[in-house]
Amino acid sequence: MLIYRPRLDYPLFFAICTLIAIGSMSVWSASGYSMPIIERHLARAFMAITAMLALSAIPAKKFKDIAPYLFGLAVILLLGVIVAGDTTNGSKRWLALGPIRFQPSELVKVAVPMMVAWLIVKDPGRPGLKKIFMCLAVTALPAGLIVIQPDLDGAIFTAIYALFVLYLAGMSWKIIATVVGTVAAAVPVLWFFFMADYQKMRVTQFLNPESDPLGAGYQIIQSLIAIGSGGIKGKGFMNATQGQLGFIPESHTDFIFSTFAEEWGYFGSALIVCLYLFIAGRALWLASQSDSAYSRLVSGALALSFFLYAFINLGMVSGLLPVMGSPLPFISYGGTAMITQGACFGIIMALCPKRRQAGAPWTPYSLNN
């Protein structure tokens, strides 16, 4: 009888558990000691760790085999959102299946990198224009369905997942520069024809939050006040004022770092940043050690996506980036996002269980395995 056992990378696993513990403390404080919120948060944290343990036990080859089916499932669920999704705050992003309510766009975080990597390794070698267009055409299907919700941020992230895989596969820098230039040229088109009013407001408040301190700029101004008031050592656990007194909207979700920085100051904030850098770096190192091209591409893309989400959230709450609907991984209160991140790291540990043999260096386009 074949028994599957979790194949954990313990430094990575314990770093993630540390983030979850810090996040649970912060959610408890930022929510005003709300028992229902912390109970739901802990339940989802338990599910995230369970997903990590369960997926880390699956043989690596299985993930490659199921990639097309998982991608198809993600597309079907996104279609289900359009037909019978739940609307929240003007966006139809949620799907209810019995007692379970979740965001199918979260599944795309896993399905798109796995599918794009599957397409690339079918024909080993550095991706040329034909392969790149094929990968982007496949990615355009879920991205387009996410735009309809409407969720422009999610659609952009979906395209980025595919670009991460293509970059790790050795996509030419000339092509990368062309893509970046095309995106830059398309910004005016996005602004006038695709971006909703609330999305435009996010950009204008980022450029000049003081222009509307009691309206569009209120959230980021209060966030900066909270971060700055923490000083070097912080005010102490459960002693934050900005978040607990309601000055910061979404203080236990997207803007939870503001409350954390107020309580723990510069030293606590530096610890969080170091944990994110360690987790992303460790995952990339594990990817580089894998003997399988598919494993390297998927694990590397998932690690980069994780770092991107952390970078965007930290930049958002500190006024360095526009406000986006991006929770802080493993720390913000949330359901589907936390469970998905746990699943992603379970996949990374399953795909990269052993070290490469000495003398076998890997380059981004060594896709012959």
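Predicted model, so just to flag it, every value in this text is computed and none were measured. Throughout, residues of each chain are indexed from 1 in the direction in which the sequence is written. Where totals are concerned, whole chains, interfaces and linings use all residues; where local detail is concerned, this predicted model gives features only for residues with pLDDT of at least 70, and gives and counts side-chain atom pairs only at 80 or more. Heavy atoms from the whole structure form the basis of all side-chain values; hydrogens and water molecules are not counted.

### Topic: the nonpolar core
Residues belong to a common nonpolar core when they are buried Ala, Val, Leu, Ile, Met, Phe, Trp, Tyr or Cys residues joined through side-chain atoms within 4.5 Å. Accessibility here uses a 1.4 Å probe with only protein chains present; expressed as a share of the type maximum, an area under 20% marks a residue as buried, one over 50% as exposed, and anything in between as partly exposed. Counting residues in each nonpolar core, the largest one holds 92 residues, and the members touching the most others are L19, M114 and F345. With 15 residues, the single largest contributor to this core is helix 11 (residues 293-317). Only heavy atoms enter the contact rule, under which two residues are in contact if any of them lie within 4.5 Å. Filtering out sequence-adjacent residues up to four positions away, F345 remains in contact with L12, I16, M52, I279, A283, F306 and F330. Comment: elements are numbered from the N terminus, with helices defined as DSSP H or I runs of at least four residues and strands as E runs of at least two.

### Description of the packing of helix 2 (residues 35-56) against helix 12 (residues 336-351)
Axis definition: a line fit to C-alpha positions, over the contact stretch in the case of helices; interaxial angles, taken between N-to-C directions, run 0 to 180 degrees. It is at 7 Å that the axes of helix 2 and helix 12 come closest, and there the two elements cross at 20 degrees. Taken together, helix 2 and helix 12 sit at an angle that is classed as roughly parallel. Once helix 2 is placed against helix 12, the crossing between them reads as right-handed. Contacts from H41, R44, A45, M47, A48, A51, M52, L55 and S56 in helix 2 reach M338, I339, G342, A343, F345, G346, I347, M349 and A350 in helix 12. For classification, angles of less than 35 degrees are called roughly parallel, those exceeding 145 degrees roughly antiparallel, those between 65 and 115 degrees roughly perpendicular, and all remaining angles oblique. Two helices that cross are described as forming a left-handed crossing if the nearer one is turned anticlockwise from the farther one by less than a right angle, and a right-handed crossing if clockwise.

### Let's talk about empty space enclosed by the protein
In this analysis the probe radius is 1.4 Å and the grid spacing 1 Å, with only protein atoms considered; a cavity is a set of points the probe fits into but cannot get out of, a pocket is an open set with protein on both sides within 12 Å along at least five of seven lines, and lining residues have an atom within 4 Å of a point. Grid points are joined across faces, edges and corners, and a volume is the space filled by probe spheres set on the points. For the structure on display, the rule yields one cavity of 30 Å³ or more. K109, Y161, L302, S305, F306, Y309, Q341 and C344 together form the lining of the largest cavity. Within the residue set of the lining of the largest cavity, elements represented by two or more residues are helix 11 and helix 12. Ranked by residues supplied to the lining of the largest cavity, first place goes to helix 11 with four residues. Split into classes, the residues belonging to the lining of the largest cavity amount to five nonpolar, two polar and one charged. Three categories are distinguished: nonpolar for Ala, Val, Leu, Ile, Met, Phe, Trp, Tyr, Cys and Pro, charged for Asp, Glu, Lys and Arg, and polar for the others, with Gly belonging to the last.

### With respect to unusual backbone geometry
Unlike most non-glycine residues, F330 shows phi in positive territory, near 70 degrees. Topologically, F330 is positioned in the loop between helix 11 and helix 12.

### Observations regarding the pattern of salt bridges
Here a salt bridge means any side-chain nitrogen of Lys or Arg lying within 4 Å of a carboxyl oxygen belonging to Asp or Glu. Across all of its chains, the model carries four salt bridges by this definition. Across the salt bridge formed by K61 and D65, the nearest N and O atoms sit 3.1 Å from each other. Note that K61 and D65 are positioned in helix 3 (residues 60-84) at a spacing of four residues, about one turn of the helix. Between K109 and E106 there is a salt bridge, with the nearest N and O atoms lying 2.6 Å from each other.

### Details of the confidence of the model for the chain
With 85% of its residues at a pLDDT of 70 or more, the chain has an overall mean of 82. Per-residue confidence from the prediction method is given by pLDDT, with values spanning 0 to 100. Predicted confidence in the chain is weakest over helix 8 (residues 197-207), with a mean pLDDT of 68, and strongest over helix 11, with 92. Across residues 356-366, confidence stays below pLDDT 50; counting only partners more than four residues off in sequence or on other chains, it has 21 contacts.

### Description of the packing of aromatic side chains
Any two rings among Phe, Tyr and Trp, with Trp reduced to its six-membered ring, count as a pair given centres within 6.5 Å; such a pair is stacked if its planes are under 30 degrees apart, edge-to-face if over 60, and tilted if neither. Counted according to the given criterion, the structure contains 13 aromatic pairs. With a centroid separation of 5.5 Å and an interplanar angle of 50 degrees, the aromatic rings of W28 and Y33 are classed as tilted. In this structure W28 comes out as partly exposed when scored by relative accessible area, which is 25%. The exposure class assigned to Y33 is partly exposed, which follows from its relative accessible area of 33%. Their ring planes at 25 degrees and their centres at 6.2 Å tell us that F237 and W264 sit as a pair that is stacked. Of this pair, F237 sits in the loop between helix 9 (218-229) and helix 10 (256-289) while W264 sits in helix 10, and the two are 27 residues apart along the sequence. Owing to a relative accessible area of 27%, F237 belongs among the partly exposed residues under this scheme. Cluster of aromatic residues (ring-pair linked, three or more members): F237, F257, F260 and W264.

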